[in-house]
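Commentary on secondary and tertiary structure
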Amino acid sequence: MKVRIFIVFIVTLVIIQLFYMLSFKTPKVLAIHGLGSNKDLLIKNMPFTDSNKIKWWDNNGVKLISSSQTYYVSVWNFDGKYQKLTPKNSGWFPDHDIDYLLCFNDIKAEENCIDKENWMMDIIKAKDGYIYYRLDGNEYYRKPSGELIDGERFKTTIK
């Protein structure tokens, strides 16, 4: 009985430590690509929740943009390794599809692409001062007053 309690205790400690390590890693910007107000940020250790991603952007990410008027930023999860522009290896059948990759022209090496599956969020600041956040199926917007609203600002319904 004591051995069983000890094993449960150890397993619980390991799970807590793994959760702590995954949850509290500081996001790190590994690369910034793009010109002007259109940027792609490659980030390691991005927060898990939508609210923490938005907080991170508001506190840190916005400082990386030179234009405060309008911008369009895509944030990508990045492990530090670029890929070659090659068709996806889909197993038995040959594949010529390269649309799964996003490549950066400002890198002159052959390995200058990332997988589009690593997209995390888009942030758009419009001329009217509204900031739009799109994250994995969820949308939010921030009014110029600072209030954050869950949902789309404009919705078109066709009857």
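Let me begin by describing the structure that accompanies this report. Fair warning: this is a prediction, and the values are worked out from it, not measured in the lab. (Residues numbered from 1 in each chain as written. Predicted model: local features only at pLDDT ≥ 70, side-chain atom pairs only at ≥ 80, totals over all residues. Heavy atoms only, no water.)

Below, the discussion takes up the sheet that holds strand S7 (residues 119–125). Read from one edge to the other, the open sheet built from seven strands follows the order S1-S2-S3-S7-S8-S9-S10, with strand pairing classed as mixed. At either end of the open sheet lies a strand with only one pairing partner, and these are strand S1 (28–33) and strand S10 (148–150). The average undirected angle you get between the axes of adjacent strands in this sheet is 20 degrees. Pairing between strand S8 (residues 131–135) and strand S9 (residues 138–142): five bridges, direction antiparallel. (Pairing = 2+ DSSP bridges. Helix = DSSP H or I, 4+ residues; strand = E, 2+ residues; numbered from the N terminus. Axes fitted to C-alpha atoms, helices over the stretch in contact; angles between N-to-C directions.)

This brings us to the pattern of salt bridges. Per the stated rule, a full pass over the model turns up four salt bridges. Here Lys84 makes a salt bridge to Glu110, at a shortest N to O gap of 3.4 Å. On the criterion of sequence distance, the pair formed by Lys84 in strand S4 (residues 83–84) and Glu110 in the loop between strand S5 (101–103) and strand S6 (111–115) is long-range, its members being 26 residues apart. Taking the relative accessible area as the measure of exposure, Lys84 reaches 40% and is therefore partly exposed. For Glu110, a relative accessible area of 55% gives the class exposed. Salt-bridge contacts for Asp122 lead to Arg134; the nearest nitrogen and oxygen are separated by 2.2 Å. With Asp122 in strand S7 and Arg134 in strand S8, the pair connects residues that are 12 residues apart, well separated along the chain. With a relative accessible area of 38%, Arg134 lands in the partly exposed category. (Salt bridge = Lys/Arg side-chain N within 4 Å of Asp/Glu carboxyl O. Buried < 20%, exposed > 50% of the residue type's maximum accessible area, 1.4 Å probe, protein only.)

Its identity as a non-glycine residue notwithstanding, Asn45 has a phi of 70 degrees, on the positive side. Relative to the assigned elements, Asn45 resides in the loop between strand S2 (38–44) and helix H2 (50–59). Judged by its relative accessible area of 26%, Asn45 is partly exposed. One non-glycine residue, Asp136, adopts positive backbone phi at about 40 degrees. Within the secondary structure, Asp136 is located in the loop between S8 and S9.

With that settled, the discussion passes to the sheet that holds S6. With respect to topology, three strands assemble into an open sheet ordered S4-S6-S5, the strand pairing being antiparallel. Strand pairing shows two members of the sheet lacking a second neighbour, S4 and S5, which therefore form its edges. Bridge count for S5 against S6 is three bridges, and the pairing is antiparallel. If you follow Leu101 over to S6, its bridge partner there is Asp115.

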